[in-house]
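Read off the chains here:
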Amino acid sequence: MFDKTLAELAAGLRNGDFTSTELTQAWLERIKAEDSKYNSYITVTEEEALAQAKAADEAFAAGTAGPFTGLPIAHKDLFCTQGVRTSCASKMLDNFISPYDGTMVAKFKQAGAVMLGKTNMDEFAMGGSNESSYYGPARNPWDTDRVPGGSSGGSGAAVAAHLAPAATGSDTGGSIRQPAALCGITGLKPTYGRVSRYGMVAFASSLDQIGPMAHTAEDCAMMLNVMAGFDPMDSTSVDREVPDYTATLNEPLAGLKIGLPKEYFTDTLDPQVAEQVRNAVAEFEKMGATVKEVSLPRTELSIPAYYIIAPAEASSNLSRFDGVRYGYRCEDPKDLEDMYKRSRGEGFGDEVKRRIMVGTYALCAGYYDAYYNKAQQIRRLIQQDFAKVLEEVDVIMAPTTPHPAFKIGEKSNDPVSMYMEDIYTLSLNLAGLPGMSVPCGQVEGLPVGLQIIGDHFAEAKLLNVAHQYQQATDWHKQAPAGI
């Protein structure tokens, strides 16, 4: 049961092979037995899950079940869930019980999904390794001495370890795609505005986007069918028709034009990772695709631009955590200023403090034009680079990460080295484009991800391309030893 995809589990529910209650109980028991190895969950919602499973079984009995009814999933712990702790993996929100469901969470509820729990993550989604979590790092099921990636590392680890058939994640600079690559699963970052961010605790509002993480492109398509759509509660949500993402998965790829950006295949990239990515591209050529080299000349500028814009927005968004209204408050403050300082100083971890300070500095009156305004100008140039290339090709293919998963603690004392792990993913968030990572090989027993990038609202094409690749290969079926 635990190695089945969402699509296979949905078929089993429809055929009466098992009930949602039986399915949910099995997953909950597996989480209890196995998650101590991986620390992929912060909160397991057993009571809520069994109640939702019972309601799903009643819907099947009444003939009112939909495509997603009864399927268990996990949510990253920065999505508000009514009556359930939403911690953002931070001491600051360790005691916060959300009074409402975010739009994405509500959509899954309406679709009849079962929430197994809330997954571990980097604190306030700030990090690329899941090591900044207040609850300790999640661990990569392929090697528990290594990181699962971040910030959606708990979701990636839970899916890879078969502790959830699928999970939700958020992607501000690669936080779905990078853990998907390092954990050997499939992850999709949709176009900015395709999925409502209402009820998602904000990190960088112009970059954040919610997306699915699962074993296959087909499963991601099923999830995106639930998640996508306009939401009047989110001013950045796009009012645009949502297609059935599963309807075009089997379209042939003959004539597909693929671009390989030369800036992604440099000395920064592990040669063995490059070999696996090129092998994957060769598979597409066998399916009738054509490949050409393209150029994204501002790729190297994405990191400095991102690490001005994202911290600037974070410093603004996180100003609400002041110890007054909700969240952590220091003990016995002397006065209001002492309460502000100590609540924030004690409640936030080092990486969050670092980004708040960088962002506040960049937004200061004397530095705004030199840093923040300049970074936004570079962002526009990066958008233009992608637009030019996507006029010539249908999709861009590249590595998702420069290396396989690194060891826990290896980069903890070198923030710049950690930031460089996002070199191939950041620019998509700056441009607002969709992208996904699919497993395409292994290096010394560790997964490698192929990144597929498309034009705005081209999620159906990306999912089609990824699905066809997964029909021709079995990298997405590989599991860590002992799982």
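Right above here is the structure, for reference.
Here is what the cut-offs are and how they apply
Residues numbered from 1 in each chain as written. Predicted model: local features only at pLDDT ≥ 70, side-chain atom pairs only at ≥ 80, totals over all residues. Heavy atoms only, no water. Helix = DSSP H or I, 4+ residues; strand = E, 2+ residues; numbered from the N terminus. Contact = heavy atoms within 4.5 Å. Core = buried A, V, L, I, M, F, W, Y, C linked by side-chain atoms within 4.5 Å. Buried < 20%, exposed > 50% of the residue type's maximum accessible area, 1.4 Å probe, protein only. Axes fitted to C-alpha atoms, helices over the stretch in contact; angles between N-to-C directions. Parallel < 35°, antiparallel > 145°, perpendicular 65-115°, else oblique. Nonpolar A, V, L, I, M, F, W, Y, C, P; charged D, E, K, R; others polar. Salt bridge = Lys/Arg side-chain N within 4 Å of Asp/Glu carboxyl O.

Asks: Help me out: how do you make sense of the environment of Ser427 in this one?
Replies: Here Ser427 shows up in helix H14 (residues 426-431). The spacing of Ser427 and Gly173 is 254 residues in sequence and 7.6 Å in space, taken between C-alpha atoms. Not counting residues within four places of it along the chain, the set of residues in contact with Ser427 comprises Tyr264, Ser302, Ile382 and Phe386.

Asks: What am I meant to see in the nonpolar core here?
Replies: Of all hydrophobic cores here, the largest spans 139 residues; its most connected members are Phe68, Phe124, Phe386 and Leu463. For this core, the element with the most residues is helix H9 (residues 302-317), which contributes 9 residues. Once residues within four sequence positions are removed from consideration, Phe68 is found in contact with Leu6, Ile73, Phe108, Ala111, Gly112, Ala113, Met222, Met223 and Val226. Among the nonpolar cores identified, the runner-up in size contains 5 residues, and Val147, Ala405, Phe406 and Met418 belong to it.

Asks: Can you walk me through the packing of helix H8 (residues 271-286) against helix H15 (residues 459-472) in this structure?
Replies: Each pair of packed helices can be described by the angle between their axes along with the distance between the axes. Close contact between H8 and H15 brings their axes to 10 Å; oriented N to C, the two are set at 95°. Of the possible angle classes, the one that applies to H8 and H15 is roughly perpendicular. Contacts between H8 and H15 involve Ala280, Glu283 and Phe284 on the former and, on the latter, Val465, Tyr469 and Ala472. Partitioned by chemical class, the residues of the contact of H8 with H15 number 5 nonpolar, no polar and 1 charged.

Asks: Please clarify how the pattern of salt bridges should be interpreted in this entry.
Replies: A side chain with one charge can pair with a side chain of the opposite charge if their charged atoms come near. Following the criterion strictly, the structure yields 17 salt bridges and no others. Across the pair Lys292 and Glu392 runs a salt bridge whose closest N-O atoms are separated by 3.3 Å. A residue pair is termed long-range when its members are at least 10 positions apart, and Lys292 in strand S8 (residues 290-294) and Glu392 in the loop between helix H12 (369-389) and strand S9 (395-399) qualify at 100 residues. By relative accessible area, Glu392 is classed as partly exposed at 37%. The salt bridge partner of Glu346 is Arg342, with a shortest N-O separation of 3.3 Å. Remark: Arg342 and Glu346 occur in helix H10 (residues 336-347); sequence separation between them is 4 residues, near one turn of the helix. What makes Arg342 partly exposed here is its relative accessible area of 27%. One network of salt bridges, with partners in common, ties together Asp338, Arg342 and Glu346.

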